[in-house]
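Residues per chain are reported as follows:
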2 protein chains.
Amino acid sequence: MKKVDWYQDFVDFAYRPKEDDVVCLFRFEPSQGVSNLEAVGRIASESSAGTWTTLSNLPRNIERVKARSFEIKGRFVRVAYPIDLWEPGNMPQLLSGVAGNIFGMRALKNLRLVDISLPVAYTKNFLGPQFGIDGIRRMLKVKRRPVTGAVAKPKVGWDAEEHAKIAYETWSGGFDLVKDDENLTSLKFNKFEQRVKLCYRMRERAERESGNRKSALFNITGETNQMIKRAKLLHDYGFEYVMIDVVVTGFSSLQTMRNVCQDLGLAIHAHRAMHAAFDRNPLHGITMLFLAKMCRLVGVDQLHVGAVVGKLAGTPKQVLEIKNQMVLKTIKNLSPVHLQQQWNSIKPVFPVSSGGIHPGIIPEVLRIMGNEIVMLVSGGIHGHPDGTRSGALAAMQSIMASMDGIPLREYAMTHAELRAALEKWGRIRPE
Amino acid sequence: MKKVDWYQDFVDFAYRPKEDDVVCLFRFEPSQGVSNLEAVGRIASESSAGTWTTLSNLPRNIERVKARSFEIKGRFVRVAYPIDLWEPGNMPQLLSGVAGNIFGMRALKNLRLVDISLPVAYTKNFLGPQFGIDGIRRMLKVKRRPVTGAVAKPKVGWDAEEHAKIAYETWSGGFDLVKDDENLTSLKFNKFEQRVKLCYRMRERAERESGNRKSALFNITGETNQMIKRAKLLHDYGFEYVMIDVVVTGFSSLQTMRNVCQDLGLAIHAHRAMHAAFDRNPLHGITMLFLAKMCRLVGVDQLHVGAVVGKLAGTPKQVLEIKNQMVLKTIKNLSPVHLQQQWNSIKPVFPVSSGGIHPGIIPEVLRIMGNEIVMLVSGGIHGHPDGTRSGALAAMQSIMASMDGIPLREYAMTHAELRAALEKWGRIRPE
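Note that the structure is predicted; figures quoted are calculated from it, not measured.

S.K.: Can you walk me through the overall build of chain A in this structure?
M.R.: On a plain count of helices and strands, chain A comes out with 18 helices and 15 strands. Taking 431 residues into account, the globule formula puts the C-alpha radius of gyration at 22 Å, and chain A, at 24 Å, falls close to it. Viewed in the frame of its principal axes, chain A has a C-alpha envelope of about 80 × 45 × 35 Å. The buried share of chain A, reckoned over its 431 residues, is 69%. Partitioning the intrachain contacts of chain A with sequence separation of at least 6 by distance along the chain shows that 76% fall at a separation of at least 24.

Structure follows, in structure tokens:
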């Protein structure tokens, strides 16, 4: 008997996943001296019921919790996990298996969790988004065009009063949403409650003056009970959303807040700071696609997926894959790096494009991403030579021009704000 | 004026950090065509108050929230963050800044958050560990030797009754702790409450028979309220700990649970599944050292730091750095990849060594790590030819031999369990 054949129990190329198996797709590179067979056996073993040595005793239920690597194609392996391995509705527990210890095994040089396919037997224990795209559009009374929003920039430094004025200018320029950025929670000279109160007044005014619906994405990120308190405050002021920075808070509290937001009738806008710490290296870590699927399952209503163009990494192909995964009901088994997914009753997530967008590149963003997005234009409006309101007007003009198929240069001839924006940024990409 | 000089506002080589600044050490690699100056300016900017373009208006408070890159040495840069940038006691908010969007910037090819230095002004708003090493030793009545524990292996598959029997065997072999592994929460055929109840009975028996204190690390990982419920159940059964898988739950709920555990008088054992998704690539992501410091600050009592030898990655140097950071009161400014740290009243964390340890390599683990550790030996006891209890006895014998400076081969001549263990595993490292 070979010394290290225990892991072969976790490889079965004849195995066909059952309807209620969870299936994961990994890209793997074995360490030197480790065979492909050993590598994929260890992946299935460490992420389910294995250990590193032969044991004196095995449970009678072992087959009900044992993962199986069942298909290798090049550097990609598919692993099937029996449904009984997972606690219903416990997202952190799923992560601890498929995205847990396995990344640290010496036997692997690199390992990347590329995609996951979740059976109905698993998804049915999660709420999914409360509103989804249709619900958000109804709430904001925005029918066809992209929903628009802006972060006050610089993202921290304004006091609550200055912040509320910027919000007012943003709304008055035609934008639907103002958003707190990831590091603005409750700071010394911009306390959460004060900001909410002052923005509430400014919203009243902006709505009255414009006749349009205006809303805000206040960043409640913090300890769980702190977040609950802040969510209740937003509810009391009649706001429609909470904004949560989902990676830095983590999935335990995201699940908690999803439950709380159900009771309060609040939508969840999900920021994703820190995702690039584990999704940027193409050989190792976890894809944004996987993270996005977990967010849809738990039930955020809006999620940052990338800008396609702009200051943040991410190719159009990657961003579109994530976008499709957020909006479609069914994902077919298209390529070696996609798994099929049936979302069934889980609603779509409104994809958010942000990061370095300005009026000059809006047509390109819309051409690639379509109109079914929330588009955040922040530096790209506050940096407008005539200030925030003109910037917001310019961005709205750019959207209207794009939707009507009119070249920006042409539209700018009759729209001064857009013209000034193009003079500053042209069609150049952000620095 | 140069087109892209806005970021220079965030670089100041004459700046000396103030006593209450948070200081971070990053390793950076600019993308092609990006200068070092631009790269470090963007790091400071994006992690504090910057954006990608010039703005029409700046807040009067901007200097109070602006980070400054103040020292470059080779590929390392130090960045100082004013204390007013951070919300007191809000760990996710800190992460959203220093460990947030910056990893995704196109301007950087790679970025690694290596270390952080936290001023008292910041640490004073966190609880830190409730028990620390001394408290845990008092609780378990273990004076000098390493605290010992084992996960039932395979880590999932046993029903609650089988699980409790394995716990009993583990305790009876002389071990202090039994531990649930990361993916064992409440599963179909091993429900949390049932497992706790049956282990409670077995613990009574093991304590009565041995005259020693025995405890358990039950995995409460899940949605926050689920965790609170489980923590209360453990408290009601008189157990001393909760086990939380801190990366997959996230820091919002970890802070919540730290507060809950204060009220219940429970210690927190922290597992770290998923850490290697972002800490393994030496060029990008976040170091385990950083994660460990956040865990100490929030206040876990025990944290997995690596085995030095064994199945999981991590060099002895890295593991020892983390270990020292967990146990020392003061960390001096030793090298380009260390920052100083004053922990003051924040108690030490008991470092946990685990992952592929068996009786044959225990002396090596203790030689490198010292006795001030919690040592988990799981496959290394359950894989013993004569079963779990003999395995635990063998591991305890190996510890005693090590502490008395007796070579294992010699000690094994008079200790049958150790002899059988060495015959199986010798001194070879785990496969």
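Once you've had a look at it, read on.
S.K.: Would you mind showing me how to read the interface of chain B and chain A here?
M.R.: For interface size, the figure often reported is the accessible area lost on association. Across the contact, 105 residues belong to chain B and 105 residues belong to chain A. Summing the contributions of chain B and of chain A, the shared interface buries around 8400 Å²; its carbon and sulfur component is 52%. Linking chain B to chain A there are 10 salt bridges. We note a salt bridge from Lys188 of chain B to Asp84 of chain A, for which the minimum N-O separation is 3.6 Å. Inspection of the region where chain B meets chain A yields 42 residue pairs in polar contact (both at pLDDT 80 or more). Among the residues forming the side of chain B that touches chain A, the class breakdown is 38 nonpolar, 45 polar and 22 charged.

S.K.: When you look at the packing of aromatic side chains in this model, what are you seeing that I'm missing?
M.R.: Each aromatic ring pair is characterised by the separation of its centres together with the angle its planes make. Residues and elements named next belong to chain A. Under the criterion given, the structure shown has 12 aromatic pairs over all chains. With a centroid separation of 5.3 Å and an interplanar angle of 45 degrees, the aromatic rings of Tyr122 and Phe126 are classed as tilted. Judged by its relative accessible area of 1%, Tyr122 is buried. Judged by relative accessible area, Phe126 falls into the buried class, the value being 7%. Taken together, Phe192, Phe218 and Phe239 form an aromatic cluster joined through their ring pairs. The ring of Tyr168 carries Arg205 above its face, with NZ or CZ at 4.1 Å from the centroid.

S.K.: Can you help me understand the domain arrangement of chain A in this one?
M.R.: Residue and element names in this part refer to chain A. The domain boundaries assigned to chain A delineate domain 1 (8-123) and domain 2 (132-425). Each of domain 1 and domain 2 has a C-alpha centre, and the two are 35 Å apart. With 28 residues of domain 1 in contact, the opposing surface of domain 2 contributes 28 residues. In this assembly, domain 1 packs against domain 2 so that about 2500 Å² is buried in total across both faces, 59% of it on carbon and sulfur atoms. Together, Met91, Arg112 and Asp115 form the three largest contributors to the area buried by domain 1 at its contact with domain 2, with a combined 27%. Asp115 serves as the salt-bridge partner of Lys293, at 3.3 Å between the closest nitrogen and oxygen.

S.K.: What's the story with the relation of the copies chain B and chain A in this structure? I'm lost.
M.R.: Related by rotation about an axis and a shift along that axis, the two copies of the chain form a pair. Of the transformation placing chain B onto chain A, the axial shift is 0.0 Å and the rotation is 180 degrees, giving an RMSD of 0.0 Å. Overall, the copies show the geometry of a two-fold rotation axis. Ranked by how close their C-alpha atoms come to the rotation axis, the residues of chain B are headed by Gly250 of chain B, at 1.8 Å. In this assembly, 100% of the residues forming the interface of chain B have copies in chain A that are likewise at the interface, indicating an isologous arrangement.

S.K.: Would you take a moment to explain the nonpolar core for this structure?
M.R.: Soluble globular proteins: nonpolar side chains tend toward being buried together. Ranked by size, the top nonpolar core spans 245 residues in total, and within it Phe26, Tyr81 and Val98 of chain A together with Phe26, Tyr81 and Val98 of chain B carry the most contacts. Sequence-distant contacts of Phe26 of chain B, defined by excluding residues within four places in its chain, comprise Ile43, Arg75, Phe76, Val77, Val79, Tyr81, Val98, Ile102, Leu111, Arg112, Leu113 and Val114 of chain B.

S.K.: In this structure, what is going on with the pattern of salt bridges? I would like to understand it.
M.R.: It is possible for side chains of opposite charge to pair when their charged atoms get near one another. Residue and element names in this part refer to chain A. In the structure shown here, the tally under the stated rule is 50 salt bridges over all chains. The residue Lys317 makes a salt bridge to Glu321 at a minimum N-O spacing of 3.5 Å. With Lys317 and Glu321 both in helix H13 (residues 316-327) and 4 residues apart, the pair spans about one turn of that helix. Judged by its relative accessible area of 58%, Lys317 falls in the exposed class.

S.K.: How do you make sense of the pairing of strand S14 (residues 350-353) of chain A when you look at a structure like this?
M.R.: In regular strands, side chains alternate between the two faces of the sheet. Residue and element names in this part refer to chain A. Here S14 shows a buried face lined by Phe350 and Val352 and a second buried face lined by Pro351 and Ser353. In this sheet, S14 lies alongside strand S11 (residues 302-304) in parallel orientation, the contact comprising 3 bridges. Of the residues in S14, the one forming a bridge with Gln302 is Phe350. The β-α-β motif built from S14, the intervening helix H14 (residues 362-369) and the parallel element strand S15 (residues 374-376) has right-handed crossover chirality.

S.K.: Explain the sheet that holds strand S7 (residues 215-217) of chain B here, please?
M.R.: Through backbone hydrogen bonds, the strands of a sheet pair up, either in parallel or in antiparallel fashion. Residue and element names in this part refer to chain B. Strand order in the open sheet formed by 8 strands is S7-S6-S5-S15-S14-S11-S9-S8, with parallel pairing between adjacent strands. Only two strands of the sheet have a single partner each, and these edge strands are S7 and strand S8 (241-245). When the angles between neighbouring strand axes are averaged without regard to direction, this sheet yields 25 degrees. Relative to strand S9 (residues 267-271), S8 runs parallel, the two being bridged by 5 bridges.

S.K.: For this particular structure, what's the right way to read unusual backbone geometry?
M.R.: Leave glycine aside and you will find that most residues have negative phi; peptide bonds, for their part, are mostly trans. All names here are of chain A. Going from Lys153 to Pro154, the amide bond is cis rather than trans, its omega being -5 degrees. Turning to its location among the elements, Pro154 is positioned in the loop between strand S5 (147-151) and helix H6 (160-172). Not every positive phi belongs to a glycine, and Asn344 is a case in point at roughly 50 degrees. Turning to its location among the elements, Asn344 is positioned in the loop between strand S13 (341-342) and S14. Residue classification places Asn344 among the partly exposed residues on the basis of a relative accessible area of 31%.

S.K.: Is there a simple way to explain the packing of helix H3 (residues 91-98) of chain B against helix H10 (residues 251-264) of chain B in this structure?
M.R.: Helices that pack against each other are described as a pair by the angle of their axes relative to one another and the distance between those axes. Residue and element names in this part refer to chain B. Interhelical geometry of H3 versus H10 gives an angle of 155 degrees and a closest axis separation of 8 Å. Looking at the two axes, H3 sits roughly antiparallel to H10. H10 is crossed by H3, and the crossing has right-handed handedness. Side by side, H3 and H10 meet where Met91, Pro92 and Leu95 of the first sit next to Phe251, Ser252 and Gln255 of the second. Its residues assigned to classes, the contact of H3 with H10 shows 4 nonpolar, 2 polar and no charged.

S.K.: Before we go on, may I ask you to explain the side chain of Glu182 of chain B in this structure?
M.R.: Tracing the backbone through its elements, the reader meets Glu182 of chain B in the loop between strand S6 (177-179) and helix H7 (192-210). In this structure Glu182 of chain B comes out as buried when scored by relative accessible area, which is 0%. At 3.2 Å, the side chain of Glu182 of chain B and the side chain of Asn101 of chain A are in polar contact. Excluding its chain neighbours within four sequence positions, the residues that come into contact with Glu182 of chain B are Glu46, Ser96 and Asn101 of chain A together with Lys155, Asn219, Met243, Asp245, His271 and Ala273 of chain B.

Definitions and cut-offs
- Residues numbered from 1 in each chain as written.
- Chains lettered and ligands numbered in written order.
- Predicted model: local features only at pLDDT ≥ 70, side-chain atom pairs only at ≥ 80, totals over all residues.
- Heavy atoms only, no water.
- Helix = DSSP H or I, 4+ residues; strand = E, 2+ residues; numbered from the N terminus.
- Rg over C-alpha atoms; globule rule 2.2 N^0.38 Å.
- Buried < 20%, exposed > 50% of the residue type's maximum accessible area, 1.4 Å probe, protein only.
- Contact = heavy atoms within 4.5 Å.
- Buried area = accessible area lost by both parts, 1.4 Å probe.
- Salt bridge = Lys/Arg side-chain N within 4 Å of Asp/Glu carboxyl O.
- Polar contact = N/O pair within 3.5 Å; in protein donor to acceptor, adjacent residues only side chain to side chain.
- Nonpolar A, V, L, I, M, F, W, Y, C, P; charged D, E, K, R; others polar.
- Phe/Tyr/Trp six-rings, centres within 6.5 Å; stacked < 30°, edge-to-face > 60°.
- Lys NZ or Arg CZ within 6 Å of the ring centre and 35° of its normal.
- Domains from an automatic or database assignment.
- Least-squares fit on C-alpha atoms with pLDDT ≥ 70 in both.
- Core = buried A, V, L, I, M, F, W, Y, C linked by side-chain atoms within 4.5 Å.
- Pairing = 2+ DSSP bridges.
- Right-handed = clockwise from strand over helix to strand, strands pointing away.
- Axes fitted to C-alpha atoms, helices over the stretch in contact; angles between N-to-C directions.
- Parallel < 35°, antiparallel > 145°, perpendicular 65-115°, else oblique.
- Left-handed = near helix turned anticlockwise from the far one by under 90°.

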